[in-house]
Amino acid sequence: KAFDLHEHRAEDITADGTIEESDERNTDLIAQTYGIHSERLFTDKAVQIIEEHDLKGGHPLFLTVSYMNPHSPLQALEEDLDRVPANITNQIRRQFSALMGSLDMGVHQISDALKRKGIYEETIFIFTGDNGGAIQGPIDSKSLGGTNWPLRGSKWTIYEGGVKVPAFVRGPGIEPGTVNTELFHITDWFPTLANLARAKIRMEMDGVDQKDFLFGETKRGPRSEVVLELDPAYQQAALIRGNYKLIVGDPAPKPYHGV
């Protein structure tokens, strides 16, 4: 999907490369928020949820904020573009940088809201992505401003640049400056957070509980392997085990050859 960051409508890219507008949307909400950048909307709503959270009820707060910056289409606000350093001259990179700067300010506002509420020091803060940066579009190969250097590959590929993302965690019990080079998959967050909340999980999961490693109670992470891909449509698969990576099929379907 491609999401318009101002009009809040979605477009689906079909298998044959055509674009169809999605009708799965709340038209009333779109009418009320039309023209307001999604980052501003998401940030304002997150701050509102924090401010209205009832601390007396003894209920913990779980909040996910899934910003669409810098998802295509690249639609930065002029005020955010004005803050991009002049030495970044490529216009697409300027859009990308402005969107990342806007996201950064949103995270700052959420952090400030937690501090005003008096729960910042008690909060486990997780910042992560779901895939590597998008270097070019899937249909017209148009640049999307991303870069994964020094890693090879882009979003939509199973090269390291497509599947590896930066992430950080802060919170009580986590030693500042600790660097984690162990295997950690995004599905691991669910069992890890469930353990922290003392929740009982009664189902089979792909994720692995990493609480003990995250809080320094063990020296090594619990994972020895990660399944990266099992895609019958593209006839590709990938697995990391220890220091080795197995790729079956084409790791970079067209048009990503050479990316």
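Scroll up a little and you will see the structure.
Here's what I pulled together on the structure shown here. Each chain has its residues counted from 1, running along the sequence as written. Local features in a predicted model are, by the rule used here, given only for residues with pLDDT of at least 70; side-chain atom pairs are given and counted only at 80 or more, and totals for whole chains, interfaces and linings are based on all residues. Calculation of side-chain values draws on the structure's entire complement of heavy atoms; hydrogens and water are dropped beforehand.

### A word on the packing of helix α2 (residues 38-52) against helix α4 (residues 91-117)
Logical step 1: Viewed as axis vectors pointing N to C, α2 and α4 meet at an angle of 10 degrees, and their least axial separation amounts to 9 Å. When the axis of α2 is compared with that of α4, the two are roughly parallel. Together, E39, R40, T43, A46, V47, I50, E51 and E52 of α2 and S102, L103, G106, Q109, I110, A113, L114, R116 and K117 of α4 make up the contact between the two elements. To obtain each axis, a line is fitted to C-alpha atoms, and for helices this fit is confined to the stretch in contact; angles are then taken between N-to-C directions over 0 to 180 degrees. Secondary structure is summarised from DSSP: a helix means a run of H or I of at least four residues, a strand means a run of E of at least two, and numbering begins at the N terminus for each. Each angle gets one of four labels, with under 35 degrees taken as roughly parallel, over 145 as roughly antiparallel, 65 to 115 as roughly perpendicular, and the rest as oblique. Residues count as neighbours in contact if any of their non-hydrogen atoms are within 4.5 Å of one another.

### Comments concerning the nonpolar core
Logical step 1: Side-chain atoms within 4.5 Å link the members of a nonpolar core, which is a set of buried Ala, Val, Leu, Ile, Met, Phe, Trp, Tyr and Cys residues. Per-residue accessibility, obtained with a 1.4 Å probe over protein chains only, is compared with the maximum for each type, and a residue is labelled buried under 20%, exposed over 50%, and partly exposed between these values. Judged by nonpolar contacts, A46, V47, I50, Y67, L103, V107, I110, A113, L114, I119, Y120 and F125 together constitute the single largest core of 12 residues.
Logical step 2: Those elements that provide at least two residues to this core are α2 and α4.
Logical step 3: Per element, the largest residue contribution to this core is 5 residues, and it comes from α4.
Logical step 4: Other than its neighbours up to four places away in sequence, Y120 contacts S111, L114, K115 and R170.
Logical step 5: L81, V84, A98 and L99 belong to the second-largest nonpolar core, a separate cluster that totals 5 residues.

### Topic: the packing of aromatic side chains
Logical step 1: Here the aromatic set is Phe, Tyr and Trp, taking the six-membered ring for Trp, and pairing holds for ring centres within 6.5 Å; pairs whose planes are under 30 degrees apart are stacked, those over 60 apart are edge-to-face, and all others are tilted. Inspection of every chain in the model, using the stated rule, returns 3 aromatic pairs.
Logical step 2: With 5.3 Å between their ring centres and 5 degrees between their planes, F127 and F168 make a pair best called stacked. Here the residue F127 occupies a position in strand β4 (residues 125-127), and F168 occupies one in strand β5 (residues 168-170), the gap between them amounting to 41 residues.
Logical step 3: Given a relative accessible area of 44%, F168 falls into the partly exposed group.
Logical step 4: Positioned above the aromatic ring of Y120, the side-chain terminus of K115 is 4.8 Å from the ring centre. Whether a charge sits over a ring depends on NZ of Lys or CZ of Arg being within 6 Å of the ring centre and within 35 degrees of the ring normal.

### Description of the pairing of strand β6 (residues 225-231)
Logical step 1: In short, DSSP must find at least two bridges between two strands for them to pair. The pairing of β6 with strand β7 (residues 236-241) spans 6 bridges and is classified as antiparallel. Directly across from L230, in β7, lies its bridge partner A237.
Logical step 2: In this structure, the hairpin formed by β6 and β7 is closed by a connection of 4 residues, where Q235 is found at a positive phi of approximately 55 degrees.

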